[in-house]
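Coordinate inspection notes
Here are the chains, one letter per residue:
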Amino acid sequence: MLAKLKETYPALTQRNFRYFWLGQCISLIGTWIDTTGQQWLAYTLTKSALLLGLLGVAQFGPVMCFSLFAGVIIDRYPKKRILLFTQTCMMILAFILAILVLSGQITYWHIFTLAIFLGLVNTLDQPTRQSFMPELVEKKDLRSAIGLNSSIFNVARMIGPAIAAVLMAKYGAGPLFILNGISFIPVIIAINLIKTKPFEAKKVSKKVLTEIYEGLMYIRHSVFLRSAVLCTLSVGTFVMNYNVIIPLFAGEVLKQGVGGYGFLLSSSGAGSLIGALMVASWAKGKPRLRLLFGSAFSVSAFLTLLYLVHFLPLASVMLAIIGFSNILFMTTANSTMQFNSADEFRGRVMSVYSFAFLGTTPIGNLFVGSIAQRWGAGIGVLVCGSISVLLILLIVINTVIKKHAVQH
């Protein structure tokens, strides 16, 4: 049984990856408990789709503004040291939010301000964690590691919202943020236990903007990197608006409370988990553009079809399918970036990936929040899904035309 597990998921045979993965198993559940509580708390305090969208701007705006600069830092300094710093900062922010809620002093603007600080930390943390993977596993097991990392993210998406819904209904939001703060302790311990090769500091002779430009040109001249970034820009901007779409869709279209909201998030997480485990078992071979384009189109199309659903069980099934398609796309895009990046550019490449995936979220959050505020959550879902479908089709057509031109 154990031998079969290791054969299917070879990244688990790597000691450093096991430490990191197990730490993340606990920490990410805390993160999703926090995310669920924060979004529902902000919505109940304001009853405003626009302000809920603005919260996404606060959290992901720093990624949009500073992620390219973060890539240069990641390529210059030890990734393990950076991760210890970012995880500690996020733990402190969680405890601050817990204190504000439990003291009865919490306001929307407290949540908004803390979201900005969390966004600043995430700007450095996200691409560092992504680019840290090749130091945890051998390259042949990289695809397995990315899939397994996505699987725990989605297990957390199922367990976290369910725990949050139960606790919040009985005790309020305060305990949720305490649990999140505590959950960072295992991952900090795990990172300390990881043994990496001594970091070779490079003599810095180029300006930061020059290094950013070189990274962008490196991506531009690779059809794999360019395609992955463009598809991620589309999906990241118009599809990955769960923090705005799901609470609005649950409340306005399905007429559900916090229990229904948590159920929808868990359904999405269940579909994502199946997709992540499937991708993690595809340990051999490089990811293909066909899978990248197909999964991007699929998640966009199913989001568009969600507009037609007004029944909770059917909505949960649809969100499970969306979750499956989305994780298939995310892991394929991530693997494409990692497999086609040279080590000296990896930090900058993954920072561009983080920008495309998370940095455009403020634009998408404001866009869907504004539409939902004026025409309702259903129309917001329909418009975002339709735009992403159109953009993916244009990217595929452009790629095919360029390939044809090169061949002739």
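Residues numbered from 1 in each chain as written. Predicted model: local features only at pLDDT ≥ 70, side-chain atom pairs only at ≥ 80, totals over all residues. Heavy atoms only, no water.

**Some remarks on the domain arrangement of the protein**
Split into domains, the protein comes out as domain 1 (1-204) and domain 2 (206-407). Each of domain 1 and domain 2 has a C-alpha centre, and the two are 19 Å apart. Counting from both sides, the interface comprises 53 residues of domain 1 and, opposite them, 63 residues of domain 2. Summed over both sides, the interface of domain 1 with domain 2 buries roughly 5,100 Å², with 69% coming from carbon and sulfur. Our count for the domain 1 to domain 2 interface comes out at two salt bridges. The salt bridge involving Arg76 is made with Glu211; its shortest N-O contact spans 2.8 Å. Counting every contact that joins domain 1 to domain 2 gives six residue pairs in polar contact (both at pLDDT 80 or more). At the level of elements, α2 (15-46), α3 (49-76), α5 (108-136) and α6 (142-171) are the ones that each hand at least two residues to the side of domain 1 that touches domain 2. Ranked by residue count, the leading element in the side of domain 1 that touches domain 2 is α3, at 19 residues. In terms of residue class, the side of domain 1 that touches domain 2 is built from 29 nonpolar, 17 polar and seven charged. (Domains from an automatic or database assignment. Contact = heavy atoms within 4.5 Å. Buried area = accessible area lost by both parts, 1.4 Å probe. Salt bridge = Lys/Arg side-chain N within 4 Å of Asp/Glu carboxyl O. Polar contact = N/O pair within 3.5 Å; in protein donor to acceptor, adjacent residues only side chain to side chain. Helix = DSSP H or I, 4+ residues; strand = E, 2+ residues; numbered from the N terminus. Nonpolar A, V, L, I, M, F, W, Y, C, P; charged D, E, K, R; others polar.)

**Examining the pattern of salt bridges**
Summed over the entire model, instances satisfying the criterion amount to six salt bridges. The partner of Glu214 in a salt bridge is Arg348, with the nearest N and O atoms 3.9 Å apart. Of this pair, Glu214 sits in helix α8 (residues 208-220) while Arg348 sits in helix α14 (residues 346-359); the two residues are 134 residues apart in sequence, bridging distant segments of the chain. Overall, the relative accessible area of 25% leaves Glu214 in the partly exposed class. Here the residues in one salt-bridge network are Asp75, Arg76, Glu211, Glu214 and Arg348, joined through shared partners. (Buried < 20%, exposed > 50% of the residue type's maximum accessible area, 1.4 Å probe, protein only.)

**Considering a nonpolar patch on the surface**
A contiguous nonpolar patch, built from Phe95, Leu102, Ile178, Ile182, Ile185, Ile189 and Leu193 and spanning about 580 Å² of accessible area, is present on the exposed surface. Secondary-structure elements contributing two or more residues to the nonpolar patch are α4 (79-102) and α7 (174-193). No other element matches the five residues that α7 contributes to the nonpolar patch. (Patch = residues over 30% accessible without salt bridge, like charges linked within 9 Å, V, L, I, M, F, W, Y side chains within 5 Å. Areas by Shrake-Rupley, 256 points an atom, 1.4 Å probe, with all protein chains shown as cover.)

**A look at α2**
In this model, α2 (32 residues) spans 47 Å end to end at C-alpha, consistent with the 46 Å of a helix rising 1.5 Å per residue. The sharpest bend along α2 measures roughly 30 degrees and falls at Cys25. Immediately downstream of α2, the backbone of Lys47 shows phi near 55 degrees, a positive value. (Expected span 1.5 Å × (residues − 1). Bend = angle between axes of the 7 residues up to and from the residue.)

**What about the packing of aromatic side chains?**
Following the criterion strictly, the structure yields seven aromatic pairs and no others. Plain terms: the ring middles of Trp109 and Phe112 are 5.3 Å apart, the flat faces sit at 70 degrees to each other, and that makes the pair edge-to-face. Of this pair, Trp109 and Phe112 both sit in helix α5, three residues apart, which is roughly one turn of the helix. Where Tyr353 meets Phe357, the ring centres are 6.0 Å apart and the plane angle is 15 degrees; that geometry is what we call stacked. Linking Tyr353 with Phe357, this pair stays in helix α14, spanning four residues, or about one helical turn. In terms of burial, Tyr353 and Phe357 fall into one category: buried. (Phe/Tyr/Trp six-rings, centres within 6.5 Å; stacked < 30°, edge-to-face > 60°.)

**Quick word on the side chain of Ser341**
Within the element layout of this structure, Ser341 appears in the loop between α13 (312-339) and α14. Taking the relative accessible area as the measure of exposure, Ser341 reaches 6% and is therefore buried. Other than its neighbours up to four places away in sequence, Ser341 contacts Tyr218, Leu225, Arg346 and Val349.

**Here's the deal with the nonpolar core**
One finds Phe17 and Leu306 to be the most contacted residues of the largest nonpolar core, which totals 110 residues. It is α13 that contributes the most residues to this core, eleven residues altogether. Both of domain 1 (1-204) and domain 2 (206-407) provide at least three residues apiece to this core. Sequence-distant contacts of Phe17, that is, excluding residues within four places in its chain, are made with Ala11, Leu12, Met133, Leu136, Val137, Ala145 and Leu148. (Core = buried A, V, L, I, M, F, W, Y, C linked by side-chain atoms within 4.5 Å.)

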